[in-house]
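Listed below, chain by chain, are the residues.
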Amino acid sequence: MTSWHAIANRRDDVPVLSPGHVWLAGAGPGDPGLLTLDALAGLTQADVIVHDALVDRRVLALAGSSARLEFAGKRGGKPSTAQSDISQRLIALARANNRVLRLKGGDPCVFGRGAEEALALAAAAIPFRIVPGVTAGLAALASALIPATMRGINRAVIFAAGHGSDHDDDIDWTALARTGQPIVLYMALLNLAPVCTALVNGGLDPQTPVAVIAAATTDAEQIVTSTLANIAATVQQQTIRPPAIVVVGRIVTTRDRLLDLIEGKRESS
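Definitions and cut-offs
- Position numbers for residues count from 1 along each chain, tracking the sequence in the order it is written.
- Note on the predicted model: pLDDT of at least 70 is required for a residue's local features to be given, and 80 or more for side-chain atom pairs to be given and counted; whole-chain, interface and lining totals, by contrast, use all residues.
- Excluding hydrogens and water, the side-chain values take into account all heavy atoms of the structure.
- Only residues whose relative accessible area exceeds 30% and that form no salt bridge are eligible for patches; like-charged ones are grouped when within 9 Å, while nonpolar side chains (Val, Leu, Ile, Met, Phe, Trp, Tyr) are grouped when within 5 Å.
- We get accessible surface area from the Shrake-Rupley algorithm with a probe of 1.4 Å; when it comes to residues, only the shown protein chains can shield them.
- The salt bridge definition used is simple: a Lys or Arg side-chain nitrogen within 4 Å of an Asp or Glu carboxyl oxygen.
- Strands here are runs of E lasting at least two residues and helices are runs of H or I lasting at least four, both read from the DSSP assignment and numbered beginning at the N terminus.
- Each residue is placed in one exposure class: buried if its accessible area under a 1.4 Å probe, protein chains only, is under 20% of its type's maximum, exposed if it is over 50%, and partly exposed if it falls in between.
- Here the arc refers to the directions that run from the helix axis out to each C-beta atom.
- Between two residues, a contact is recorded if the distance between any of their heavy atoms is within 4.5 Å.
- Between any two strands, at least two bridges found by DSSP are needed for them to pair.
- Geometry of aromatic contacts follows a simple scheme: Phe, Tyr and Trp rings, the Trp one being its six-membered ring, pair when their centres are within 6.5 Å, and the pair is stacked under 30 degrees between planes, edge-to-face over 60, tilted otherwise.
- Distance and angle both matter: a charge sits over a ring if NZ of Lys or CZ of Arg is within 6 Å of the ring centre and within 35 degrees of the ring normal.
- Comment: axis = line fitted to C-alpha atoms, over the contacting stretch for helices; angle = value between 0 and 180 degrees taken between N-to-C directions.

Lay out a nonpolar patch on the surface with the relevant residues and their values.
A cluster of nonpolar side chains, contributed by Leu258, Leu259, Leu261 and Ile262, occupies part of the molecular surface with about 320 Å² of accessible area. The residue isoleucine 262 is located in helix α10 (residues 253-268) in this model. On the basis of relative accessibility, which here comes to 36%, the residue isoleucine 262 falls in the partly exposed class.

Mind laying out helix α8 (residues 192-201), listing which residues take part and the relevant values?
By the burial criterion, the buried members of α8 are Leu192, Val195, Cys196 and Leu199. The arc that holds every buried residue of α8, seen down its axis, measures 95°, which confines them to one face. In the core, the buried residues of α8 are packed alongside α7 (173-179), β7 (183-186), β8 (209-214), α9 (231-237) and β10 (244-248). One or two residues past the end of α8 sits glycine 203, with phi positive at roughly 120°.

Could you give me a rundown of the pattern of salt bridges, with the residues and numbers involved?
Evaluated as defined, the whole model comprises nine salt bridges. For the salt bridge of glutamate 70 with arginine 89, the shortest nitrogen-to-oxygen distance reads 2.6 Å. You can see glutamate 70 sitting in strand β3 (residues 68-71) and its partner arginine 89 sitting in helix α4 (residues 83-95), a full 19 residues away along the chain. Judged by its relative accessible area of 17%, glutamate 70 is buried. Given a relative accessible area of 35%, arginine 89 falls into the partly exposed group. A salt bridge links arginine 102 to glutamate 117, with the nearest nitrogen and oxygen atoms 3.1 Å apart.

Describe the side chain of histidine 51, with residues and values.
Topologically, histidine 51 is positioned in strand β2 (residues 48-51). For histidine 51, the contacting residues outside a window of four places in its chain are Leu60, Leu69, Glu70, Phe71, Ala72, Gly73, Arg102 and Leu103.

Hey, could you go over the pairing of β2 for me, with residue numbers and the actual values?
Here β2 shows no split at all, with Val48 and Val50 on one side and Ile49 and His51 on the other all buried. Note that β2 and β3 share four bridges and pair parallel. Note that in β3 the partner of valine 50 across the bridge is glutamate 70. Of the pairings in the sheet, the one linking β2 to strand β4 (residues 100-104) comprises four bridges and is parallel in character. Within the sheet, the bridge partner assigned to valine 50 lies in β4 and is arginine 102.

Hey, could you go over the packing of aromatic side chains for me, with residue numbers and the actual values?
Per the stated rule, a full pass over the model turns up two aromatic pairs. Each ring, one from phenylalanine 159 and one from tyrosine 186, has its centre 5.7 Å from the other, and the planes form 70°; the classification is edge-to-face. Of this pair, phenylalanine 159 sits in strand β6 (residues 158-161) while tyrosine 186 sits in strand β7, placing them 27 residues apart in sequence. Members of the aromatic cluster, joined through ring pairs, are Phe111, Phe159 and Tyr186. Lying over the aromatic face of tryptophan 23, arginine 129 brings its terminal NZ or CZ to 5.2 Å of the ring centre.

Outline the sheet that holds β7, listing residues and values.
Within a sheet, neighbouring strands are paired by backbone hydrogen bonds and run either parallel or antiparallel to one another. Read from one edge to the other, the open sheet built from five strands follows the order β6-β7-β10-β8-β9, with strand pairing classed as mixed. With one partner strand each, in any of the chains shown, β6 and β9 (222-227) form the two edges of the open sheet. Shown here is a sheet whose adjacent strand axes are inclined to one another by a mean of 20°, direction ignored. Relative to β7, β6 runs parallel, the two sharing four bridges. In the sheet register, isoleucine 158 faces β7, and the bridge partner there is isoleucine 183.

Describe the environment of alanine 63, listing the residues and the values that go with them.
In this structure, alanine 63 sits in the loop between α3 (57-60) and β3. Exposure remark for alanine 63: the relative accessible area of 19% places this residue in the buried category. On a C-alpha basis, the gap between alanine 63 and valine 235 in space is 35 Å, while along the polypeptide they are 172 residues apart. Residues in contact with alanine 63, not counting those within four places in the same chain, are Leu43, Ile49 and Leu69.

Have a look at this one:
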């Protein structure tokens, strides 16, 4: 009995991916252990899996033996299929009576353009379902021992995309800086220097702690910490590459506190 069958046999409500239907599912940040059971159900039932570059190969290895994998790209700075073409491909596959899984890294509707695909499917009268995934903005922090919230430090957390920070009509970084709450940045690595400058100009202390978590929950994971003033140079010196999550705020200091306690316990044992 496979591990999937063992799990399925303990559920009374395994969802069915029907022919002509599309599931828009999140694959999590990389580690297949962070897949939801519904996403796993989609992987094992789909005839066609249309996946992004951010979907880990270990996740794709869980696909059913007869499933066909179609690569859609979708990684910043690299060639990708146009979003409108992906939506039309999903429609065409569903109209051909395939069971279609659209698989995205993280969560499909957290900077994943899942809503655009849902709208296109709805306009074409294609039945669909959105299957949430564990977003990298939370999973990466947990992997790096950085809590998203902590009593006495923050009561909110901000998710923002940093890939367009060089345009005047994009995010109001001053407004984000003034909240005093941790900021979790997606797709910001290539624009990290201007993002940090904008946050300092908006009022954040240049010594604000920052962490960068690259390739979170994978074998290639890298974690670096520094300050808002120095993190861009640190990332460049250590040759950190996308995909990466950047977290800005005092919450980052919890990582060092935890590591010190863990190391202290090891030395005393």
